[in-house]
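What follows is the residue order along each chain.
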Amino acid sequence: MIGAGYVGLVTGACFAEVGNDVLCLDVDAGRIATLRDGGVPIHEPGLEPLIRRNVAAGRLAFTTDVDAAVAHGAVQFIAVGTPPDEDGSADMQYVLQAAREIGRRMTGWKLVVDKSTVPVGTGDRVREAIATALRERGVDLPFAVASNPEFLKEGAAVEDFMRPDRIVVGADDERAIAELRAVYAPFMRNHERLLVMDVRSAELTKYAANAMLATRISFMNELANLADRLGCDIEHVRQGIGSDPRIGWQFLYPGVGYGGSCFPKDVKALQFTAREHGEPLALLAAVEEVNQRQKRVLVDKVVRRFGADLAGRRFAVWGLAFKPNTDDMREAPSREILPELARRGARVVAYDPVAMDEARRAFGEQPWLAYARTPMAAVEGADALLVITEWKEFRSPDFAALRDALAARAVFDGRNVYEPAQVRAAGLEYHGIGRR
């Protein structure tokens, strides 16, 4: 497993769990040292005990030794980062470097599998990188390249991997297809989940899935903003359209915008690919624009309530990570909301169950930002509460205690966690997203 980041760790640990002998390679010596010492550098429910169990069983190990990693397995998964460049394109240097390292060291047949989210055509580039490395060595060895994109949700990745909806395999080599079918057989005990297609289609499938989900989120956010103007309740609308089986219930929750390491990056990368090929995706450009606007909606509501000058105001914030069950702060709405409050003169006291260390790294030391040990500690002395991430522990607060703690008795619910009537009955103002 080349890359011991989010995808590599989850994939490697889950493969080890069903009996495979897995070696995870990473060039980050600190990360490997943490893993060897029993630590896990990311927060993902269920991952830590999974790693510890399989390390103890001798099925999972970690290394910085490239020679050992290439020699270890006939199947080499590339699960390195593909960060966005300034133009929105995916940076492929780490994927291609991994391919070259395999080509420089392989001594027999290898199946090289792109697990990273990569642009269409990457399989061809990986194949050429390996072939070039072999030519430079003056050797002719057989190998195959396949695409096997991941569809893991942060916060539920282990469950997603162990019980997948589908397993997409892009390959044109029968031996490669057979190998991957064997690798994934333990995850398909009750019915076939393997979807075999050509490499390019598999690469596009990953981007298309994330782009579709991002589109649903932005659509609901725009609809919620319209509902605010029309005096409608977006929750009723959500139920009315979600009950249509052609639409379904997933990703119909309005809020303060999407974030994380996948949707923002993949929407940009797919647009870049489309522009490169003369087929710009106007819909995705709008999806991205709507999402950026949505991250400011909660602050706009605060300004309408308290005025543009927030000097002397103090706001409690519940939730900093881009979604529950993760400490991931990448592209999190909180990274837009908190600085905008500060720019208007406000002070912020924030609480998140797991993401405060990551938040400190993201925001740095700021005179306007403090962190609380508990949700209620954040609220004490604040004018209003902003809910930015819908952690379970925020779902049923003591509204009477909130009323007594908040000077302005106002709740700004950025995730529509609460029923407006219940909050108002407790003597609090309620400001949601599209909830009248």
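All values reported here derive from a predicted model rather than from experimental measurement. (Residues numbered from 1 in each chain as written. Predicted model: local features only at pLDDT ≥ 70, side-chain atom pairs only at ≥ 80, totals over all residues. Heavy atoms only, no water.)

Asker: Lay out empty space enclosed by the protein with the relevant residues and their values.
Answerer: Inspection of the entire model under this criterion finds one cavity of 30 Å³ or more. Computed from the structure, the largest cavity encloses a volume of approximately 50 Å³. Lining the largest cavity are Tyr258, Pro264, Lys268, Glu288, Asn291, Gln292, Lys295 and Glu331. Residue assignment for the lining of the largest cavity shows that the elements contributing at least two residues are helix H11 (263-276) and helix H12 (282-294). By residue number, the principal contributor to the lining of the largest cavity is H12, which donates three residues. Classifying every residue of the lining of the largest cavity gives two nonpolar, two polar and four charged. (1 Å grid on protein atoms, 1.4 Å probe; cavity = no way out; pocket = protein on both sides within 12 Å on 5 of 7 lines; lining within 4 Å. Points joined across faces, edges and corners; volume = space filled by probe spheres on them. Helix = DSSP H or I, 4+ residues; strand = E, 2+ residues; numbered from the N terminus. Nonpolar A, V, L, I, M, F, W, Y, C, P; charged D, E, K, R; others polar.)

Asker: Just give me the short version of the pattern of salt bridges, but keep the residues and values in it.
Answerer: Tallied over the full model, the rule gives 31 salt bridges. Here Arg246 and Asp244 are joined by a salt bridge, their closest N and O atoms 2.7 Å apart. For Arg246, a relative accessible area of 76% puts it in the exposed group. (Salt bridge = Lys/Arg side-chain N within 4 Å of Asp/Glu carboxyl O. Buried < 20%, exposed > 50% of the residue type's maximum accessible area, 1.4 Å probe, protein only.)

Asker: How would you explain the packing of helix H9 (residues 199-230) against H11 if you had to name every residue and give the values?
Answerer: The contact between H9 and H11 brings their axes to 9 Å, and the two run at 115 degrees. As judged from the angle between their axes, H9 and H11 are roughly perpendicular. Classified by chirality, the crossing of H11 by H9 is left-handed. Here H9 contributes Leu204, Lys206, Tyr207, Asn210, Ala211, Leu213, Ala214 and Ile217 to the contact with H11, which in turn contributes Phe263, Asp266, Val267, Ala269 and Leu270. (Axes fitted to C-alpha atoms, helices over the stretch in contact; angles between N-to-C directions. Parallel < 35°, antiparallel > 145°, perpendicular 65-115°, else oblique. Left-handed = near helix turned anticlockwise from the far one by under 90°. Contact = heavy atoms within 4.5 Å.)

Asker: Tell me about helix H6 (residues 122-137), residues and numbers included.
Answerer: An α-helical turn contains 3.6 residues, so a residue and the one three or four places further along point in the same direction. In this model, H6 (16 residues) spans 23 Å end to end at C-alpha, consistent with the 22 Å of a helix rising 1.5 Å per residue. Within H6, burial applies to Thr122, Gly123, Val126, Ala129, Ile130, Ala131, Ala133 and Leu134. Contacts made by the buried residues of H6 are with helix H5 (93-105), strand E4 (110-114), strand E5 (143-147) and H9. (Expected span 1.5 Å × (residues − 1).)

Asker: Could you give an account of the sheet that holds strand E10 (residues 369-371), with specific residues and numbers?
Answerer: The strand order across the open sheet formed by six strands is E10-E9-E8-E11-E12-E13, and the pairing between neighbours is parallel. The two strands at the open ends of the sheet, each matched to only one other strand, are E10 and strand E13 (429-431). Between one strand and the next, the sheet's axes are offset by a mean angle of 20 degrees, whatever the strand orientation. Each of strand E9 (347-351) and E10 touches helix H15 (residues 356-363); the most contacted strand, E10, lies at about 165 degrees to it. (Pairing = 2+ DSSP bridges.)

Asker: Please give an account of the layout of surface pockets that cites residues and values.
Answerer: The computed volume of the second largest pocket comes to approximately 1300 Å³. Gly5, Tyr6, Val80, Gly81 and Arg330 are, among the 47 residues lining the second largest pocket, the residues nearest its centre. Of all elements in the fold, only helix H1 (6-17), helix H4 (66-72), H5, H11 and H15 reach the threshold of two or more residues within the lining of the second largest pocket. Take the lining of the second largest pocket: its biggest share by element is five residues, from H5. Tallied by class, the residues present in the lining of the second largest pocket amount to 20 nonpolar, eleven polar and 16 charged.

Asker: A description of unusual backbone geometry should follow, citing residues and the corresponding values.
Answerer: We note that Phe251 has phi near 60 degrees; this positive angle belongs to a residue other than glycine. As for its placement among the helices and strands, Phe251 is situated in the loop between helix H10 (234-242) and H11. Unlike most non-glycine residues, Asn416 shows phi in positive territory, near 50 degrees. Its place among the elements puts Asn416 in the loop between strand E12 (410-413) and helix H18 (420-425).

Asker: Kindly report on the nonpolar core, identifying the contributing residues and their values.
Answerer: A general trend in soluble globular proteins is that nonpolar side chains are found buried together. In this structure, Leu338 and Leu341 are the most contacted members of the largest nonpolar core, which totals 60 residues. Ranked by residues supplied to this core, first place goes to helix H13 (residues 297-306) with six residues. If sequence neighbours within four positions are ignored, Leu341 has contacts with Val299, Val302, Leu310, Phe315, Ala346, Val348 and Leu386. Listed in part, the 43 residues of the second largest apolar core include Ala13, Cys14, Leu180 and Phe187. (Core = buried A, V, L, I, M, F, W, Y, C linked by side-chain atoms within 4.5 Å.)

Asker: For H12, give the residues involved together with the corresponding values.
Answerer: Counted at 1.5 Å a residue, the expected span for H12 with its 13 residues is 18 Å, and the 18 Å between its end C-alpha atoms agrees. When we look at burial in H12, the residues that qualify are Leu284, Val287, Glu288, Val290, Asn291 and Gln294. Mapping the buried residues of H12 onto a view down its axis gives an arc of 160 degrees, with all of them on the same face. On its buried side, H12 packs onto H9, H11 and H13. (Arc of directions from axis to C-beta.)

Asker: Tell me about the packing of aromatic side chains, and please be specific about residues and values.
Answerer: If you walk through the whole model with that rule in mind, you get 15 aromatic pairs. A ring pair is formed by Tyr258 and Phe263, whose centres lie 5.8 Å apart and whose planes are at 75 degrees; its orientation type is edge-to-face. With 5.3 Å between their ring centres and 85 degrees between their planes, Phe399 and Tyr418 make a pair best called edge-to-face. You can see Phe399 sitting in helix H17 (residues 399-405) and its partner Tyr418 sitting in the loop between E12 and H18, a full 19 residues away along the chain. A connected cluster of aromatic rings, assembled from ring pairs, spans Phe15, Phe77, Phe161, Tyr184 and Phe187. Positioned above the aromatic ring of Phe151, the side-chain terminus of Arg166 is 3.8 Å from the ring centre. We note Arg175 situated over the ring of Trp109; from NZ or CZ to the ring centre the distance is 3.6 Å. (Phe/Tyr/Trp six-rings, centres within 6.5 Å; stacked < 30°, edge-to-face > 60°. Lys NZ or Arg CZ within 6 Å of the ring centre and 35° of its normal.)

Asker: Describe the pairing of E9, and please don't skip the residues or the numbers.
Answerer: Extensive coverage of E9 is indicated by the burial of four of its five residues. Summarising the sheet, strand E8 (residues 314-318) and E9 pair through five bridges and their orientation is parallel. Residue pairing for E9: Arg314 is matched across the bridge by Arg347. After leaving E9, the chain enters H15 and then returns to the sheet as E10, a path that is right-handed. (Right-handed = clockwise from strand over helix to strand, strands pointing away.)

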